Structure formats: C-alpha cells, structure tokens
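Architecture and fold: a report
Residues per chain, in single letters:
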Amino acid sequence: MPTSLLVISRQAPWSGPSAREALDIVLAGGAFDLPIGLLFLDDGVFQLAAEQDARALQQKDLSANLQALPMFGVDDLFVCADSVAERGLDPTCLALEEARVLSAQEITALIDRYDQVVTL
Amino acid sequence: MSTLHVLSHSPFGDDRLNSCLRLIGANDALLLTGDAVYALQPGTAPFNALNARAPTLFVLTEDAQARALDIPGTAKGIDYPAFVELSLHYDKVNSWL
C-alpha cells in the first residue's frame, strides 16, 4: 500500500506561483496513481471562485488544471466550509463541483486518515 | 493517528495559527518555531487564541530566547534533538509552509 498524501493548499491563485505549484504536485501524484488528496483552506478557496479571468495578468487559467484533477484520478477533493463562508463565496457555486465541503471537525478527521500531510 | 503541526510564520497578519487551532485534533500537538513563537507575546490576540484552544504545545527554545519571549507554563521548550524525537513520536508532521 503506497503512502497516502494530503496536500493542503491555502494560497490565493494569482499573487504568486504557490497555488499552481500545489496543484501541479497533486496532478503529478495522480498521474502516478498515488493515493493523494487536496484540501482548499483559507485563501486557497479563492482558487475555486467561479468566472475568474486572469488573462489581463498574463496568467494561464487555473480552472483547466482544476478540471483535470478527476481525469488524473484525483477524486479526494475537499474545501473548508469556514474558509468559504468567511470569504463570502457560495459553496454551491465553486469551480470544482466534485469537491466536498467539510467542517473543521471533518477536516481534523480527514488529516487523521492520511499517512502524510503538507500545507503549502 | 496523531499529527504534529509545525508553524514557522508570525501569527500577526497571517491566518496559519488560527486555521491550525481550528483543525488541531485531541491527539495532536503544535510546535512553534521561527517567527511563529511571536504567538507567545502576552496580551495579544494570537496569545489569547492559543490559550483558549490550549493544544499540547511545544516551542523551540532558541527561537523564543532570540526574540526575548518567555515560554509559558502551558508550553514545553525544546531543542533541535527534541524536535527530531517529537517528529518521530507523532504519526506524521504537518509543516505549515
């Protein structure tokens, strides 16, 4: 049984490379069939805001990468309910429909289930 | 399963500490290193949040010392060898990078 990894992404999408890099790690893990999960926490939930357009910032759209997650076999996708609520986002209109919205208690249990966890 | 959460960023103007305190489990512990030890500054919001949640708390002594911060009785000061032991004691380490 390979080691399972939970990546916690807590960076907003357009201020630096962190959000994209966290996503790339998860996609790479998925491509190699590793048991990998992704949790969006804090400003990381802004990655999931609907109808973003960073073309004027000369940045590539992250949503294509997000939609690629299930295709790469990454089905364990989670969003922190508190982070979503604090930032005024609608949990029913997130860019990643597959993601499950979790309470703080559920996230504690989630972290428990994985062998390794890293917060980026 | 138990997790050692390791923070190294200042809690002022950053949400790592608050989010960590929200997610930390009963079997987990928190280790403050680097600028994260500023959470021990008495009378501040991070200090109060830390005391309110009261997790099992470790502090890298040299980082607190360097910043003239006292390690409260509710925390345990450790050195680097103890840091290594601690990371082996817990099932995993979650570094909040």
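A few points on the structure.

With that out of the way, let us pick up the sheet that holds strand β4 (residues 75–78) of chain B. The strand order β4(A)-β3(A)-β2(A)-β1(A)-β5(A)-β5(B)-β1(B)-β2(B)-β3(B)-β4(B) describes an open sheet built from ten strands, whose pairing is parallel. Strand pairing shows two members of the sheet lacking a second neighbour, β4 (100–102) of chain A together with β4 of chain B, which therefore form its edges. Adjacent strand axes in the sheet meet at a mean angle of 25°, parallel and antiparallel pairs treated alike. Two elements, strand β3 (residues 76–80) of chain A and β4 of chain A, share three bridges in a ladder whose sense is parallel. Looking at β4 of chain A, one finds that phenylalanine 78 of chain A is bridged to arginine 100 of chain A. Strand contacts of helix α1 (residues 18–31) of chain A: β1 (5–9) and β2 (36–40) of chain A, with the helix running at about 160° to β1 of chain A, the strand carrying the most contacts.

Moving on, we come to the interface of chain A and chain B. With 14 residues of chain A at the contact, the number on the chain B side is twelve residues. Counting only elements with at least two residues in the side of chain A that touches chain B, the list comes to α4 (104–113) and β5 (116–119) of chain A. Pairing between β5 of chain A and strand β5 (residues 92–96) of chain B: three bridges, direction parallel. Residue pairing across strands places threonine 119 of chain A opposite tryptophan 96 of chain B, the latter belonging to β5 of chain B.

This next bit is on the packing of α1 of chain A against helix α2 (residues 63–71) of chain A. Residue and element names in this part refer to chain A. Running from N to C, α1 and α2 point in directions that differ by 25°, and their axes come no closer than 10 Å. Judged by the angle between their axes, α1 and α2 are roughly parallel. Of the two possible hands of crossing, α1 and α2 adopt the one that is left-handed. Only Asn65, Ala68 and Leu69 of α2 make contact with α1, whose side of the interface consists of Leu23, Val26, Leu27 and Gly30. Its residues placed into classes, the contact of α1 with α2 shows five nonpolar, two polar and no charged.

Right, let's get into unusual backbone geometry. All names here are of chain A. The backbone of aspartate 33 shows a phi angle near 60°, a positive value even though the residue is not glycine. With respect to the helices and strands, the residue aspartate 33 is situated in the loop between α1 and β2. Using a count of 10 C-beta atoms within 10 Å as the deciding quantity, one classes aspartate 33 as exposed. Positive phi values are uncommon outside glycine, yet glutamate 51 reaches one of about 55°. Looking at the secondary structure, you find glutamate 51 in the loop between β2 and α2. When the 7 C-beta atoms within 10 Å are taken as the criterion, glutamate 51 is described as exposed.

What counts and how
The numbers attached to residues start from 1 for each chain and follow its sequence in the written order. The order in which chains are written sets their letters, starting at A; the order in which ligands are written sets their numbers, starting at 1. Only residues with pLDDT of at least 70 are given local features in this predicted model, and only at 80 or more are side-chain atom pairs given and counted; all residues enter the totals for whole chains, interfaces and linings. When DSSP finds two or more bridges between a pair of strands, those strands are recorded as paired. Note on conventions: DSSP H or I runs of at least 4 residues are helices, E runs of at least 2 residues are strands, and numbering of each starts at the N terminus. Here, axes are lines fitted to C-alpha atoms. For helices the fit covers the stretch in contact, and angles between N-to-C directions go from 0 to 180 degrees. By definition, residues are in contact whenever their C-beta atoms, placed on the basis of the backbone, come within 7 Å of each other. For classification, angles of less than 35 degrees are called roughly parallel, those exceeding 145 degrees roughly antiparallel, those between 65 and 115 degrees roughly perpendicular, and all remaining angles oblique. Crossing chirality is assigned from the near helix's rotation relative to the far helix, an anticlockwise turn below a right angle marking it left-handed and a clockwise turn marking it right-handed. Three residue categories are used. Nonpolar comprises Ala, Val, Leu, Ile, Met, Phe, Trp, Tyr, Cys and Pro, charged comprises Asp, Glu, Lys and Arg, and polar comprises the others, including Gly. Residue burial here comes from a neighbour count, namely the number of other C-beta atoms, placed from the backbone, that lie within 10 Å of the residue's own C-beta, with 20 or more meaning buried, 12 or fewer meaning exposed, and in between meaning partly exposed.

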